Each structure stands twice: as structure tokens, then as C-alpha cells.
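Each chain, letter by letter, is given below.
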Amino acid sequence: MKHNFLTSTKCTLLALGVASALGTATAHASNTERMIVTLKSEAMANTLPVAMSNAEITEFKAQSLSLFANDLNTTAIKTLPNINAVVLEVTPEQLAQLEKSGDVETVEVDPKRYVPEVIEAGISPLAESTPYGINMVQAKLVSDAAAANRKVCIMDTGYHRAHEDLVSAGVTGDDGYGSNDTGLWYNDGNGHGTHVAGTIAALGGNGTGVVGVNPSGNLGLHIVKVFNDSGRWAYGSDLIEAINQCEAAGSHITSMSLGGSGSSTAERNAFDQSYQRGMLHIAAAGNGGNSALSYPASYNNVVSVAAVDSSENKASFSQYNSQVEIAGPGVGVNSTWNNGGYRSISGTSMATPHVSGVAALVWSNFPNCSNADIRAALNATAKDKGAAGRDTSYGYGIVQAKAAYDYLAQGCGGGDPVPVANFSYTTDGLKATFSNSSTVGTYNWTFGDGNSSSQSSPSHTYAQAGTYDVTLKVTNSAGDFDSIVKQVTVDDVVTPPGCTGLSAWSASTFYRVGDKVSYNGYEYHSIWWSRGARPDVFSNVWRKVAKCN
Ligand SMILES: [Ca+2]
Ligand SMILES: [Ca+2]
Ligand SMILES: [Ca+2]
């Protein structure tokens, strides 16, 4: 079967029309650049035979992408079939050919994503202690007994599986494979990934170490070791691949304490598509202490996490910008380390697992809710800090597990707001015009004369002058309601009709300020001396004040 794929792929790829024009250019390492090349979906779709399974389609696409690279006289460093992309080292000549090809959607530099620097904070205690952040995010107020129904995928430096305060059984993982082999996922030569894992899921009640947001040991964990033990960075294309590794392992949430500058359309597309498939992506805002956008956190479909200290104030290093969405404890966070012990360090890397851990904790109690529901619930119930409402330092505020739980207990969309009824009005003669300033709901107006309306902001003309009790009742979808009554007075005294007793304007008359005339059905008052200035033409001389009766 494989041979057949290759044969049919080869034929269809010739139709892509990129290869033959490239000749025999030889890549020189010093003269090449690592790029993500995304093919147009129609170019790839046209090559697909019918009646293939998803796995077969993925393999077929991967082979097609490899051949695409071969036809360019280079080798695919990595194929990314889910987004129709391939990672290549290309020469300037090859790049020019790619950019000319009608089958290529985008050619972009493969961006670097870093393990953020962490800041030393202090010494760890000997007996089990609850890090302050666990209480700050209300983790102990929500049970994680059902957490086995959720899986968090940690993209980081690995997982020190032998640690006494971390689960070993049932945890799965991947290394970065192929040309970028990062080593075994259950070895962590750095410590960063083990620290992140401890915040999410360090064991509680075992008399030692720390306590994670999900302390029962039930939470599913999948580890993708995107960073090797010596390196401090990975490519964006490694993250794209890691998303697929997380999904293939059945994960619901990614926790990414990593980032870098420079957005990538291919990387964004990968996160967007994964989000549409139901994954919730959570990443660090960055430790630059500036307003720069860090990626992947600053893609719309990735939650960007800021860091606060134990006093709930923004950490000085925490990046602030319009993409910051929520905050978590990230200063002096004590957690597990890769030497088997514990370490207290600071960074948005430490805030991120508080949020991903809470997302898993809350979601495990409402597994029928969507990723978007969970995201909305965390945002709606976050503890507001700084400027009122969402701001660039804290996003919606500090994540709150119990508040989000209570919100979702009323439904995946949360509870309806408590109704508040209010309105204002103006009158003109017998007519009253109402302006509704209530909360959202259904409205019932009674005008006090036997008439009613269900419009949001109705107007009503009374039959006779008088003072009426106008009532507005607003009801939310849960049936809760509020009402308000105001006394509205209308009269039948209308503006006196114009032109009564006035002479018609005359072109030969000299008029002074204050003179009044009728002209062409309207009453005009003179605001300047004039003669022969027609009232309908000279608005600087005549002011129209009323229509003639
Ligand atoms: Ca413990
Ligand atoms: Ca974002
Ligand atoms: Ca705020």
C-alpha cells in the first residue's frame, strides 16, 4: 500500500509545478534559512484519492509533503500534515521559487520559542506545605475526584517521573522526534517542566513536599518534551507537532510555559484549528516586564497568563498587553524539581500551570461543557484587579476555581445575571417615549392606562392628560425578575400654532431684529436687519420657529 501512495503522490505532486523549475541548486548550510512552507488546501486536497481513513490521509499528506521537499532538491526536516505544511532549509533561490509557486499559501521563518528565565525565590520547607498560590486560586474549594476525565498536556523540558511528590503510573509522553530528538520525556535535565507539573498535580496528603491544584493523582497528564536538556528553545514547528501529539494522547488542555517573539501564520492556524476541535490552550505572557506580545500566548485562541505575587499584585516581570487574558500566582512559587527536591522560583511560567490546573479542575466537574465554555467561565469569574474590568496587566483578573465552579453549576453558559429594572422617559404633549436601561431579559411594560408593551424601549400616546404609574418588569431566562414603577405626567397643552396675527413677509419691507412674519407656511423671527432677504434662503437673518396653524 505504501508503494501505491508514493506512486500516486508522485504523479499528483508534479502537478504542483514547483519542482522542475528549480534545477539542481545545492543548499549550503551557511546560506539557508529554516522556513515553514504551507501549501494551499486546494493544492493538497486535489491530490487526495477518495475513500481513505483519516490515518491514511495523514500518511498520504506527510509523504506528499516529503516529496514536495525532494522536488525542491532538499529534505523535509518535518512534515506537518494537519496544516498542510512542511519545514525546510531553503536557499534564497529556492525561497524565490517557493514564493512564486501558485500552490504555496505562505512561506515563513520557523520562529523560536523559549523556556523563559526563572527567578530564584527561596528555600523549600521539609514537611508538606500548601504553596500560597493553591489557596489564592481556590483550588482546595473544588474537588478533583473526577479529574481522571481530563488530561493536561505539558509542553516543556520533561517530567521527573521518579519524584516522590509526582504521579508516575498512567502518565504518558512524547519526545520531540525526528531530526530534533529531545530525549526521553520522563527525564528532565532542566527542572522547569517538573516544576510546572508539580503546580498542576503534585500529590496532596502524602506528608511530604507540596500540593498541586489537582492533588488526588487522578488527573491525566501527557508530557511532550519540546526542549532538550541542553537547549533553551524549540521551533514553532515543534509546537505545531506537539499540539498533534497532545491531541493524539487524548488531552483536553495544553499548558505552555514558553514563548517567543514573532507570530507565525502556520503556528496560529495550528492553534486555531486545534481550538475548533475542542482543545483549550494556555500559555505564559512572558517575563520581559514590557508590553511586547509573546507567542503562542498572544494568538487569539491561546489564553495568555500574567503573573501576580502573594499580595495579588502584578509581578514586575509580567508582560502587559491587550492579549493578557487572566492571571495566576507566579512569584516565589514552590514546587517539585528535577533533583527530587523542591524549589521556589518566579515567572509567568509558574502562573501558567495554576491556570491550566484550575481549568482542568473545573472542567473535570463539568465535562460536558466546551473548551470555550470553560474559558468564558474562568474569565467571567476571575478576581478583578487593577483597573476596573479587563486590563492589560491582569486580563480579567486572578483565576478562581470555586467561583468558576459555581458559575458552571448553573449551566455551561453560566447563570443569568440577576435582573435589574430601570428606565428613563421624555414627554411631548400626550406622548411618552421610554428608554430602557435594564439588564438583558424579557420586558413587560404597563402604562397605567390599561395598555402594555413587550418592546425594549416603547413609546405610548395617552388618550388624555394626567399622571400615570408606568411599570417595567424585566425577567431573565431563569424566571428571576425585577420591576420598577415611575409616575409619568402628560398634558394636552401643545405648542401654540405659529403665524397667528402675523403679516406675510414682504420683499420691500425693512425688518429689524425681533420682527415676526409668516412665510410659505412657517413663522419666522428676524435675528438681523434686512430688506429683500427671503426667510427660506437667509438663515443668518431669519430663524424658523413654528409651522403655521
Ligand atoms: Ca505532597
Ligand atoms: Ca491570546
Ligand atoms: Ca482589572
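What you see as residue numbers is a count from 1 along each chain, following the sequence as written. To label them, take the chains in the order written and letter them from A, then take the ligands in the order written and number them from 1. Totals for whole chains, interfaces and linings use every residue, but because this is a predicted model, local features are given only for residues with pLDDT of at least 70 and side-chain atom pairs only at 80 or more, for both listing and counting.

Draft legend 1. Representation of the overall build of the protein chain. Within the protein chain one finds 11 helices and 28 strands. Split into buried and exposed, the 549 residues of the protein chain put 45% on the buried side. Two residues qualify as being in contact provided that their C-beta atoms, derived from the backbone, are within 7 Å of each other. For the protein chain, the share of sequence-separated contacts (at least 6 apart) that also reach a separation of at least 24 residues comes to 68%. Numbering of helices and strands runs from the N terminus, with a helix taken as a DSSP run of H or I at least four residues long and a strand as a DSSP run of E at least two residues long. Each residue is classified by how many other C-beta atoms fall within 10 Å of its C-beta atom, where C-beta atoms are placed from the backbone; a count of 20 or more means buried, 12 or fewer means exposed, and values in between mean partly exposed.

Draft legend 2. Layout of the sheet that holds strand β18 (residues 431-436). With antiparallel pairing, 3 strands are arranged side by side in an open sheet as β17-β18-β21. The two strands at the open ends of the sheet, each matched to only one other strand, are β17 (423-428) and β21 (459-461). Across this sheet, the average inter-strand angle for adjacent strands is 20°, counted without regard to direction. Between any two strands, at least two bridges found by DSSP are needed for them to pair. Note: β17 against β18, 6 bridges, orientation antiparallel. Within β18, the residue paired with D428 across the bridge is K431. Fitting a line to C-alpha atoms yields each axis, with helices limited to the stretch in contact; the angle taken between N-to-C directions then spans 0 to 180 degrees.

Draft legend 3. The arrangement of the nonpolar core in detail. Joined through C-beta atoms within 7 Å, a set of buried Ala, Val, Leu, Ile, Met, Phe, Trp, Tyr and Cys residues constitutes a nonpolar core. Membership of the largest hydrophobic core comes to 110 residues, with the highest contact counts inside it found for V86, V305, V358, A359 and V362. Per-element accounting of this core gives the leading share, 9 residues, to helix α9 (residues 348-365). Counting contributing residues, this core receives three or more from each of domain 1 (2-110) and domain 2 (114-387 + 395-408). When residues no more than four places from it in sequence are discounted, the contact partners of V362 are V142, I374, A377, A401, A404, Y405 and L408. The split of the chain into domains comes from an automatic or database domain assignment.

Draft legend 4. Local environment of the sheet that holds strand β22 (residues 466-475). The strand order β20-β19-β22-β23 describes an open sheet built from 4 strands, whose pairing is antiparallel. The open sheet is flanked by β20 (452-453) and β23 (481-490), the only strands paired with a single partner.

Draft legend 5. Representation of the packing of α9 against helix α11 (residues 401-408) in the model. Their axes nearest at 10 Å, the elements α9 and α11 cross at an angle of 30°. Taken as axis vectors, α9 and α11 run roughly parallel relative to one another. α9 and α11 meet at a crossing whose hand is right-handed. Contacts between α9 and α11 involve V358, L361, V362 and N365 from the former and A401, A404, Y405 and L408 from the latter. Considered class by class, the residues forming the contact of α9 with α11 number 7 nonpolar, 1 polar and no charged. For classification, angles of less than 35 degrees are called roughly parallel, those exceeding 145 degrees roughly antiparallel, those between 65 and 115 degrees roughly perpendicular, and all remaining angles oblique. Crossings are sorted by hand: turned counterclockwise from the far helix by less than a right angle, the near helix makes the crossing left-handed, and turned clockwise it makes it right-handed. The classification used treats Ala, Val, Leu, Ile, Met, Phe, Trp, Tyr, Cys and Pro as nonpolar, Asp, Glu, Lys and Arg as charged, and all other residues, Gly among them, as polar.

Draft legend 6. Here's a closer look at the packing of helix α10 (residues 371-381) against α11. Packing of α10 against α11 brings their axes to within 8 Å, and their N-to-C directions diverge by 120°. As judged from the angle between their axes, α10 and α11 are oblique. The two elements α10 and α11 cross, and the hand of that crossing is right-handed. The segment α10 lies against α11, with A377, L378, A380 and T381 engaging A403, A404, Y407 and L408.

Draft legend 7. Region of the structure containing α10. Every buried residue of α10 is accounted for by N371, I374, R375, A377, L378 and T381. Viewed along the axis of α10, the buried residues span an arc of 165°, placing them on a single side of the element. Of the surrounding secondary structure, the elements contacted by the buried residues of α10 are α8 (265-276), β12 (280-284), β13 (303-308), β14 (324-329), α9 and α11. Working definition: the arc comes from the directions between the helix axis and the C-beta atoms, pointing outward to the latter.

Draft legend 8. Highlighting helix α6 (residues 192-201). Here α6 lies mainly inside the structure; 10 of its 10 residues are buried. For α6, the set of buried residues is H192, G193, T194, H195, V196, A197, G198, T199, I200 and A201. Next to the buried residues of α6 lie β7 (151-156), β9 (220-225), β11 (253-256), β15 (333-336), β16 (342-346) and α9.

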